[in-house]
There are 2 protein chains.
Amino acid sequence: MSYCIASYRCYDSKADFHKKASSIAIGMTVGSWTELPAAKQQSMKKHLGEVISVDVHESEQGERYADIQIAYPDANFSSDIPALLITVFGKISMDGQIKLTNLQFSDTFLKAFTGPKFGIEGVRRILGIPERPLLMSIFKSVIGHDLDELTRQFTAQALGGVDLIKDDEILFENDLTPIEKRVAACRKAADDVQAQTGKKVLYAANLTGHTFHLKEQAKKAIDSGANALLLNVLAYGYDVLHELARDPEINIPIMAHPSLAGAYYPSPYYGISASVLLGQLMRIAGADLVLFPSPYGSVVMPKEENMAIREQLVSPELPFRHSFPVPSAGIHPGLVPLILKDFGNEVIINAGGGIHGHPEGASAGGKAFQQAIDAALAGTSLADYAAQGHHELRQALELWGGER
Amino acid sequence: MSYCIASYRCYDSKADFHKKASSIAIGMTVGSWTELPAAKQQSMKKHLGEVISVDVHESEQGERYADIQIAYPDANFSSDIPALLITVFGKISMDGQIKLTNLQFSDTFLKAFTGPKFGIEGVRRILGIPERPLLMSIFKSVIGHDLDELTRQFTAQALGGVDLIKDDEILFENDLTPIEKRVAACRKAADDVQAQTGKKVLYAANLTGHTFHLKEQAKKAIDSGANALLLNVLAYGYDVLHELARDPEINIPIMAHPSLAGAYYPSPYYGISASVLLGQLMRIAGADLVLFPSPYGSVVMPKEENMAIREQLVSPELPFRHSFPVPSAGIHPGLVPLILKDFGNEVIINAGGGIHGHPEGASAGGKAFQQAIDAALAGTSLADYAAQGHHELRQALELWGGER
């Protein structure tokens, strides 16, 4: 028999956690058990959830909690993410202090998934950059700007040598810059820069609007030359990402934005862990690149949670391509050595203010990051490298500070 | 100019909440403001978010918090729920202790919505029950059961005089009882019961599977005679509910299940309030009936949160039909007077165990509820009414107790 296993952390000052675990295992599967006649139990056994483990602990603050693992028979639910989430956390999410902390997917379940179409390797192949960390920049302000302004911003960013440029996630379909025109204009700008510098840029256009039109929007963007897409996954559900990612006609990388994720992960008592939300589920649904709040910058996530997301995005346990980790928010060149120490080279350095806020503008901002990456890879300190005539980096370090 | 307004509660022991509010208003709209040249400010003003109010408080536990209201120009986002949620709570959900507590929709935004197709009145009209509270029962165990068993359960429930029967939300597409066969079998059972008793029953079939197939599934169910649908809205996103509800070919009531809602609402510090999640958003997206955890039973929600959901489902502030409130979980006949006191007659009494667990079975369980409703409407105490020869009610009261 085949099961998907969910792990939970439950807080309760006096609950019998073994009883709670068993009530979940029965209540979320066959409904009732001990009352069933023996013959019925026989036929229902293959649908019965199973308690795998119950570990009761006390926190440093004296709070009593348990880590509980429950196995759910694959026979009970269809192989899609909505069915899995409803099965393992639907009703019980509302039953006291309980947080979904991990998932283990069965081979049966995973058979319905193919994961990222490109993944780290595929994105590297498209860009022709086999090893070094990639560099991405985000449009600064986008709302209310017309195509000329967006193109100007795009060109400035691209000239700074970034590898990817992404739309702001709050740029929705609008009259000034509808996706097909935006993509066409930015692709032209990208081609112009490439003709000048030889450097290719991926531009992730934000896919927005009504759910049942997203595929059409994606194809419109592709017809206009899109070479990547951005999706606010949590506003649409993981299954939409899955459906887009497995569509053979959508043959460009998809970047998952963590927008709204803070509604789920920060409480220790409720919700879903960031490593499940932004790690496991994004990867099985097929995100090639996954953004998440970094532990370094302005929107802070604890370091161990960040590492747990990364772990899930590149873990060999899942039989899929790796998703590119993109720790985001508040990143400036001085943080590059720290990011590479934590993430290794399989990371995308992603900055908005840290590029646009450079004293000499966005192109210099991109160059400062490139220099910081070069320095870190060469094992040279940023300060030394800056002193060796890399003035864009020097200015960035003066403004934002260096390694912490 | 036209705005949608979001309210937040933010906790922080020392933050300058006015500064925080202003950084949200600017950061989630135009991106930067004070640095902009005056001419640019002029042209961007229509896109700038506005701080409406900042009220700083201290909780009884001595925690410092602020209630903040920000107005977001409609010009910034498309009129759909994903765009609204990303705009008002996308990135900032991840920025410290902040909970989205209320939404005010502009007329411009609401123009893209039509709300429930049937609502309370429409459901009453279909059932031919103009005034009294309705009674719904939930299948007991469904997983692993075949069509015969489901039909047997359906008939027993329908014979108890319930007005609606809903699928369990964990019943997904499966070989034994695929939606079109399940609907056909249950509709036949419903017709048989109606021929016997004259009583009509709505059966809400659970719509599951991949997002982009849901419309097809819905139409398959309708072709098989479905007269209502159930949707795990939070697993698919509100926009999917909206798209189903506004499809003229899906001309039957849609029931919204709160599954997964506990991942968002219970923490005071993070997430989205239940009145937004299960009240405002469900109604504008078009749910005719909305289930939510009751304050009475096994899965408990505080009373004031429950009343806040109800308030949003029937508030005259929204220009839409009212959604039927369905407080659920742990409901037994003894609670009926309490429910009617809190909700009035515009409520659906919904029970699973409280019907199937009746000593004489599901039909007697339904009758006990009917009797409890009759008693409450007549202003008679349940105990007195039970003593007047209503033995199903008497048995229920003996088993589960009476009014609290």
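All figures in this text were calculated on a predicted structure; none of them were measured in a lab.

Analysis parameters
Along each chain, residue indices are assigned from 1 in the same order as the chain's sequence is written. Naming scheme: in the order in which they are written, chains are lettered from A and ligands are numbered from 1. Under the rules for a predicted model, residues below a pLDDT of 70 receive no local features and side-chain atom pairs below 80 are neither given nor counted, while totals for whole chains, interfaces and linings still include all residues. Only hydrogens and water are set aside; all other atoms, that is, all heavy atoms of the structure, feed into the side-chain values. Secondary structure follows DSSP: runs of H or I at least 4 residues long count as helices, runs of E at least 2 residues long count as strands, and numbering of each begins at the N terminus. Here the radius of gyration uses the C-alpha set of atoms, whereas the globule reference equals 2.2 Å times the residue count to the power 0.38. Throughout this description, buried means an accessible area under 20% of the type-specific maximum (1.4 Å probe, protein chains only), exposed means over 50%, and partly exposed covers the range between. Contacts were defined at the residue level, with two residues in contact if any of their heavy atoms lie within 4.5 Å. The charge count includes Lys and Arg as positive and Asp and Glu as negative, but it does not include His or the ends of the chains. Where a charge sits is defined by one atom per residue type, namely NZ (Lys), CZ (Arg), CG (Asp) or CD (Glu). Any two strands between which DSSP finds at least two bridges are classified as paired. Seen with its strands pointing away from the viewer, a crossover is right-handed when the path leading from the first strand over the helix to the second is clockwise. Lines fitted to the C-alpha atoms define the axes, with helices restricted to the stretch that makes contact. Angles between their N-to-C directions range from 0 to 180 degrees. Handedness of a crossing follows from how the near helix is turned relative to the far one, being left-handed for an anticlockwise turn of less than a right angle and right-handed for a clockwise one. Under the scheme applied here, ten amino acids are nonpolar (Ala, Val, Leu, Ile, Met, Phe, Trp, Tyr, Cys and Pro), four are charged (Asp, Glu, Lys and Arg), and all others, including Gly, are polar. In plain words, nonpolar cores are sets of buried Ala, Val, Leu, Ile, Met, Phe, Trp, Tyr and Cys residues tied together by side-chain atoms within 4.5 Å. Once two parts are brought into contact, the accessible area they lose, counted with a 1.4 Å probe and summed over both, makes up the buried area. By definition here, a salt bridge exists when the distance from a side-chain nitrogen of Lys or Arg to a carboxyl oxygen of Asp or Glu is within 4 Å. When the copies are superposed, the least-squares fit draws on C-alpha atoms of residues that have pLDDT of at least 70 in both. Values of pLDDT, the confidence the predictor places in each residue, fall between 0 and 100.

Brief notes about the overall build of chain A
- The secondary structure content of chain A amounts to 17 helices and 13 strands.
- In terms of overall size, chain A behaves like a compact globule, its C-alpha atoms giving a radius of gyration of 23 Å where 404 residues would be expected to give roughly 22 Å.
- Oriented by its inertia axes, the alpha-carbon framework of chain A measures out at about 80 × 50 × 35 Å.
- Within the span of chain A, comprising 404 residues, buried residues form 62% of the whole.
- For chain A, the share of sequence-separated contacts (at least 6 apart) that also reach a separation of at least 24 residues comes to 74%.
- Looking at chain A, you have 36 positive and 46 negative side-chain charges, and the mean spots of the two groups are 3 Å apart.

A look at unusual backbone geometry
- Positive phi values are uncommon outside glycine, yet Ala 329 of chain A reaches one of about 85 degrees.
- On the accessibility criterion, Ala 329 of chain A (26% relative accessible area) is partly exposed.
- You will see that Leu 260 of chain B, though not glycine, has its phi angle at about 80 degrees, which is positive.
- With respect to the secondary-structure elements, Leu 260 of chain B resides in the loop between β9 (254-257) and β10 (271-272).

Focus on the pairing of strand β5 (residues 134-138) of chain A
All names here are of chain A.
- With five of its five residues buried, β5 lies for the most part within the structure.
- Here β5 shows no split at all, with Leu 134, Met 136 and Ile 138 on one side and Leu 135 and Ser 137 on the other all buried.
- Judged from the four bridges that link them, β5 and strand β13 (residues 348-351) form a sheet pairing that is parallel. The residue bridging Leu 135 from the neighbouring strand is Ile 349, located in β13.
- Examined bridge by bridge, β5 and strand β6 (residues 164-166) share three bridges and lie parallel to one another. In the strand pairing of β6, Ser 137 is matched with Ile 165.
- Taken together, β5, helix α6 (residues 147-159) and β6 constitute a β-α-β crossover, and its handedness is right-handed.

Details of the packing of α6 of chain A against helix α7 (residues 179-197) of chain A
Residue and element names in this part refer to chain A.
- Between α6 and α7, the least distance of the axes is 9 Å, while the angle of their chain directions is 35 degrees. The element α6 and its partner α7 pack so that their crossing is right-handed. Counted together, Leu 147, Leu 150, Thr 151, Phe 154, Thr 155, Ala 158 and Leu 159 of α6 and Lys 181, Arg 182, Ala 185, Cys 186, Ala 189, Ala 190, Val 193, Gln 196 and Thr 197 of α7 form the full contact between these two elements.
- Residue composition of the contact of α6 with α7, by class: 10 nonpolar, four polar and two charged.

Regarding the nonpolar core
- By size, the foremost hydrophobic cluster in this structure holds 274 residues, and its most contacted members are Tyr 8 of chain A together with Tyr 8 of chain B.
- Among residues more than four places away in sequence, those in contact with Tyr 8 of chain A are Ala 66, Asp 67, Ile 68, Ile 70, Tyr 72, Val 88, Phe 89, Ile 92, Ile 98, Lys 99, Leu 100 and Thr 101 of chain A.

Some points on the interface of chain B and chain A
- In this assembly, 66 residues from chain B lie in contact with 66 residues from chain A.
- Here chain B and chain A share an interface that buries about 5,500 Å² over both sides, 64% of which is from carbon and sulfur atoms.
- Sorting the residues of chain B by area buried against chain A places Ile 86, Met 94 and Phe 212 of chain B first, and these three jointly supply 14% of that buried surface.
- Counting across the chain B and chain A interface gives three salt bridges.

Some details on the relation of the copies chain B and chain A
- Superposing chain B onto chain A takes a rotation of 180 degrees plus a shift of 0.0 Å along the axis, which leaves an RMSD of 0.0 Å. Both copies are brought into coincidence by an operation consistent with a two-fold rotation axis.
- Here 100% of the contact residues of chain B are again contact residues in chain A; the copies associate through an equivalent surface.

So, the sheet that holds strand β7 (residues 202-207) of chain A
Residue and element names in this part refer to chain A.
- Strand order in this open sheet of eight strands is β12-β11-β9-β8-β7-β6-β5-β13, and the pairing throughout is parallel. In the strand order of this sheet, the two ends are held by β12 (324-328) and β13, each with one partner. Averaged over all adjacent pairs, the angle separating strand axes in this sheet is 25 degrees, with direction ignored.
- In the sheet, strand β11 (residues 289-293) pairs with β12 via five bridges, with the strands oriented parallel. The residue bridging Leu 289 from the neighbouring strand is Phe 324, located in β12.
- Across the sheet, helix α5 (residues 119-127) touches β5, β6, β7, β11 and β12, and the angle it forms with β12 is around 85 degrees.

Quick word on the pattern of salt bridges
- Taken as a whole and judged by the stated rule, the model has 31 salt bridges over all chains.
- A network of salt bridges, in which partner residues are shared, links Lys 215, Lys 219, Asp 247 and Glu 249 of chain A.

Observations regarding the sheet that holds strand β3 (residues 64-73) of chain B
Residue and element names in this part refer to chain B.
- Strand order across the open sheet formed by five strands is β2-β3-β1-β4-β10, with mixed pairing between neighbours. Every interior strand has two partners, whereas the edge strands, β2 (50-58) and β10, have only one.
- Taken together, the two bridges between strand β4 (residues 97-104) and β10 define a ladder with parallel strand orientation. Counterpart to Leu 100 in the pairing with β10 is Ile 272.
- Packed onto the sheet, helix α1 (residues 17-27) meets β1 (3-11), β2, β3 and β4 and runs at close to 25 degrees relative to β3.
- Against the sheet, helix α3 (residues 81-90) touches β1, β3, β4 and β10, its axis set at about 140 degrees to β4.

Comments concerning the confidence of the model for chain A
- Overall, the predicted model of chain A reaches an average pLDDT of 95, with 99% of residues at or above 70.
- Across the interface, the model reports ipTM at 0.96; the global pTM reads 0.97.

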